[in-house]
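Structural overview
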Amino acid sequence: MRSRRFGKKATVIAVLLGVMLVAGIAFAAWTATGSGSGSAKAGSSTPVVVEGAAPTSSLYPDGPAADVSVKVTNNNPFPVTVSALDLDSTFGTNGYSASDAGCNTSSLHYTNQTVSQAIPANSSHTFDLSGAISMDNTAVDACQGNTFQIGLTAVAASS
């Protein structure tokens, strides 16, 4: 009787071990690893566009500083943050031009502006730079009624 019982246990254990061995071989046969490489390409940014907007105040010799209004357009497919709007001294005469060539733009004084404005992808923002420009007492009569263009550079980075 004992041998029969031992025989059943041995048979059950042998079958279980056989199943585990076959399962282990089947699992190992389907496992595979590998390595290789992929690729990605970075796009290029386009410069933001800076253009004058309608002025919100007027200049007078030795008068209070006036506002400068400027529109910055982000044509990139990603948002940018503008951190500064600085005078571009390569524009016009030392950064300025006047609608009347007889106006001495040397009488104008722009203060570089520190800003922090996020502009979403493919959109624009208009800045009203309070008290950013002044005119000193050397302005000649030809400056009266002029619209001044101010060369500005926007400092922007992806955000």
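Keep in mind that what you see is a predicted model, and the values were worked out from it rather than measured.

1. Let's talk about the environment of tyrosine 110
Within the secondary structure, tyrosine 110 is located in strand E5 (residues 108-110). Note: C-alpha distance between tyrosine 110 and alanine 132 (22 residues apart in sequence) is 5.7 Å. Contacts of tyrosine 110, omitting those with residues within four sequence positions, involve Val68, Leu85, Asp86, Leu87, Tyr96, Leu129, Ala132, Ile133, Ile150 and Leu152. Among the polar contacts made by the side chain of tyrosine 110, one reaches the main-chain carbonyl oxygen of leucine 85 at a distance of 2.8 Å.

2. Examining the side chain of asparagine 76
Positionally, asparagine 76 belongs in the loop between strand E2 (66-74) and strand E3 (80-87). Judged by its relative accessible area of 2%, asparagine 76 falls in the buried class. Excluding anything up to four places from it in sequence, asparagine 76 contacts Ser44, Ser45, Thr46, Ala121 and Asn122.

3. Notes on the sheet that holds strand E6 (residues 113-119)
With respect to topology, 3 strands assemble into an open sheet ordered E6-E3-E9, the strand pairing being antiparallel. In this open sheet, the two edge strands, each paired with only one partner strand, are E6 and strand E9 (152-158). Averaged over neighbouring strand pairs, the angle between their axes works out to 25° when direction is ignored. When E3 meets E6, the two strands line up antiparallel, connected through 5 bridges. Counterpart to valine 82 in the pairing with E6 is glutamine 117.

Parameters at a glance
- The residue count restarts for each chain, going from 1 along the sequence in the order it is written.
- Note on the predicted model: pLDDT of at least 70 is required for a residue's local features to be given, and 80 or more for side-chain atom pairs to be given and counted; whole-chain, interface and lining totals, by contrast, use all residues.
- Remark: hydrogens and water are excluded; side-chain values derive from all non-hydrogen atoms of the structure.
- In this text, helices come from DSSP runs of H or I with a minimum length of four residues, and strands from runs of E with a minimum of two, each type numbered from the N-terminal end.
- Contacts are assigned to residue pairs with any non-hydrogen atoms lying within 4.5 Å of each other.
- Definition of a polar contact: a pair of N or O atoms within 3.5 Å, with one able to donate and the other able to accept a hydrogen when the atoms are protein atoms, and with sequence-neighbouring residues admitted only if both atoms are side-chain atoms.
- Only protein chains enter the accessibility calculation, which uses a 1.4 Å probe; a residue whose area is less than 20% of its type maximum is buried, one above 50% is exposed, and one in between is partly exposed.
- DSSP bridges decide pairing: two strands pair if at least two such bridges lie between them.
- Note on method: axes are straight lines fitted to C-alpha atoms, helices fitted across the in-contact stretch only, with angles between N-to-C directions ranging 0 to 180 degrees.

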